[in-house]
Amino acid sequence: QVQLVESGGGLVQGGGSLRLSCAASGSIFSINDMGWYRQAPGKQRELVAEVTNGGSTNYADSVKGRFTISRDNAKNTVSLQMNSLKPEDTAVYYCNAAVRSGRNFRLATYWGQGTQVTVSS
């Protein structure tokens, strides 16, 4: 079984910064893509940023130049540095990972429990 545990959310003023972290644990053989999604009230969950195990990154247009995703393959962690935060960044942020695990090395997508980020104006 694989678990993703997030940390680092909170309340910040507009223009401020936060750093989210996510650690994967369990019977992990390997991790492919890791990423961060967010869901604001009344809206669909959307991709914020993702990173491959080779280090290639992809960002939503709305966060380009402000957010930076990084991962530590040795520690099975992924982080999201969020700068110049705006009120429209307010959402629950979810960690996501494509993990090969277990005796059969089955590939499956896992989600964290979510962490609230609130940006005040």
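First things first, this report covers the structure right here in the doc. Quantities reported herein were computed from a predicted structural model and do not represent experimental measurements.

### So, the pairing of strand 4 (residues 28-39)
Reasoning step 1: With 9 bridges joining them, strand 4 and strand 9 (residues 91-101) adopt antiparallel strand pairing. Bridge pairing links M34 to A97 in strand 9.
Reasoning step 2: Turn length for the strand 4-strand 5 (residues 46-51) hairpin, with the two strands adjacent in sequence and antiparallel, is 6 residues, and the turn residue G42 shows positive phi of about 75°.

### Digging into the pairing of strand 9
Reasoning step 1: Of all 11 residues making up strand 9, 9 are buried, and the element is well covered by its neighbours.
Reasoning step 2: Looking at chain direction, strand 9 and strand 11 (residues 115-120) are connected through 3 bridges and run antiparallel. The partner of V92 across the bridge, within strand 11, is Q116.
Reasoning step 3: If you look at the hairpin formed by strand 9 and strand 10 (residues 106-111), you'll find 4 residues sitting between the two strands, and G102 has a positive phi there, around 80°.

### A closer look at the side chain of N96
Reasoning step 1: Topologically, N96 is positioned in strand 9.
Reasoning step 2: Look past the residues within four positions of N96 in its chain and what remains in contact with it is L4, D33, M34, G35, Y37, T109, Y110 and W111.

### A short note on the nonpolar core
Reasoning step 1: Grouped together as the largest cluster of nonpolar side chains are 31 residues, with contacts concentrated most on W36, L80, M82 and Y93.
Reasoning step 2: A total of 5 residues in this core trace back to one element, the largest contributor, which is strand 9.
Reasoning step 3: The contact partners of Y93, leaving out residues within four places of it in the chain, are E6, L20, W36, Y37, R38, V48, F67, L80, M82, G114, T115 and V117.

### Comments concerning the sheet that holds strand 3 (residues 18-26)
Reasoning step 1: Pairing is antiparallel across the open sheet formed by 4 strands, whose spatial order is 1-3-8-7. Of all strands in the sheet, those bounded by a partner on one side alone are strand 1 (2-7) and strand 7 (67-72). Taken over all neighbouring pairs, the strand axes of this sheet differ in orientation by 15° on average, direction set aside.
Reasoning step 2: Where strand 1 lies against strand 3, 6 bridges are found, and the strand directions are antiparallel. Its bridge partner being in strand 3, L4 is matched across the sheet by A24.

### Notes on the pattern of salt bridges
Opposite charge on two side chains lets them pair, provided their charged atoms get close.
Reasoning step 1: The full count for this structure, using the stated rule, is 4 salt bridges.
Reasoning step 2: The partner of R38 in a salt bridge is E46, with the nearest N and O atoms 2.8 Å apart.
Reasoning step 3: The class of R38 is buried, set by a relative accessible area of 7%.
Reasoning step 4: A relative accessible area of 37% places E46 in the partly exposed class.

The rules behind each value
Counting restarts for each chain, with residues numbered from 1 along the sequence as it is written. The predicted nature of this model means local features are confined to residues of pLDDT at least 70 and side-chain atom pairs, given and counted, to a pLDDT of 80 or more, with totals for whole chains, interfaces and linings taken over all residues. For side-chain calculations, the full set of non-hydrogen atoms in the structure is used, while hydrogens and water are omitted. Two strands are counted as paired when DSSP detects at least two bridges linking them. For the purposes of this entry, the term helix denotes a DSSP run of H or I that reaches at least four residues, the term strand denotes a run of E that reaches at least two, and both are numbered from the N terminus. Under the scheme applied here, a residue whose accessible area is under 20% of the maximum for its type counts as buried, over 50% as exposed, and between as partly exposed, the area being computed with a 1.4 Å probe on protein chains only. A contact between two residues is defined here by any heavy atoms of the two lying within 4.5 Å. The term nonpolar core refers to a set of buried residues drawn from Ala, Val, Leu, Ile, Met, Phe, Trp, Tyr and Cys, joined through side-chain atoms within 4.5 Å. Angles run from 0 to 180 degrees between N-to-C directions of axes, and those axes are lines fitted to C-alpha atoms, restricted for helices to the stretch in contact. A side-chain nitrogen of Lys or Arg and a carboxyl oxygen of Asp or Glu constitute a salt bridge if their distance falls within 4 Å.

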